[in-house]
Amino acid sequence: MPKLSREQDVEVKLDGGAAGLHAAIPEELRRGLFERPGASIFAVVQLRATSYTGHAEGEDKDATVKLRITLAEVGSDDRQSKYLAEIMRAMMRRRKVEGTLDAESGLADHDVEIAVAEALATMPTEAEYAAHTAQQRRGSRVEHVG
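It should be emphasised that the depicted structure is a prediction, and the values quoted were computed from it without experimental measurement.

The rules behind each value
- Residues numbered from 1 in each chain as written.
- Predicted model: local features only at pLDDT ≥ 70, side-chain atom pairs only at ≥ 80, totals over all residues.
- Heavy atoms only, no water.
- Salt bridge = Lys/Arg side-chain N within 4 Å of Asp/Glu carboxyl O.
- Helix = DSSP H or I, 4+ residues; strand = E, 2+ residues; numbered from the N terminus.
- Buried < 20%, exposed > 50% of the residue type's maximum accessible area, 1.4 Å probe, protein only.
- Patch = residues over 30% accessible without salt bridge, like charges linked within 9 Å, V, L, I, M, F, W, Y side chains within 5 Å.
- Areas by Shrake-Rupley, 256 points an atom, 1.4 Å probe, with all protein chains shown as cover.

Draft legend 1. Fine view of the pattern of salt bridges. In the structure shown here, the tally under the stated rule is 3 salt bridges. The residue Glu-27 makes a salt bridge to Arg-31 at a minimum N-O spacing of 3.1 Å. Here the residue Glu-27 and the residue Arg-31 both occupy positions in helix H2 (residues 27-35), the gap between them amounting to 4 residues, near one helical turn. You can call Arg-31 partly exposed: its relative accessible area is 47%. Glu-86 is paired through a salt bridge with Arg-89; the nearest N and O atoms lie 2.6 Å apart. Here Glu-86 pairs with Arg-89, and both are found in helix H3 (residues 78-98), just 3 residues apart, close to one helical turn. A relative accessible area of 35% places Glu-86 in the partly exposed class. Accessibility expressed as a relative area gives 15% for Arg-89, which makes it buried.

Here it is, written out as structure tokens:
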């Protein structure tokens, strides 16, 4: 197992093996991502290190580790996505409190908040969903009466 000094940064890359991710995303969501570039979904993933480079003394390569998504679960409805977004926020807050949120890495707390806000902005609120459900019930009663 290679050992790196504390000062040496390690670049992370995803490898091409995404079968676990593909299987976790329902076809409807995959189609939606294809049809709407820039769209986002929330997921919980297990990442496994598959290879590394740049670890030998005197080697002129940056230390890099490749990760593969081996297990994944995707928020497939608004409620699940909201839960995952809240978990993401809580984890970000914990890292901020512990001082492990590295602004240099692009994971600054405002970036997480912006990503979560953008994802939730496209989803109905609880009030909108309740109104929709009530409207469906009213419409359903009208159909049965007539």
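Draft legend 2. Geometry of a nonpolar patch on the surface. The grouping of Leu-14, Val-45 and Leu-47 at the surface amounts to a nonpolar patch, some 270 Å² of accessible area in total. Following the sequence through the fold, Val-45 ends up in strand E2 (residues 43-53).

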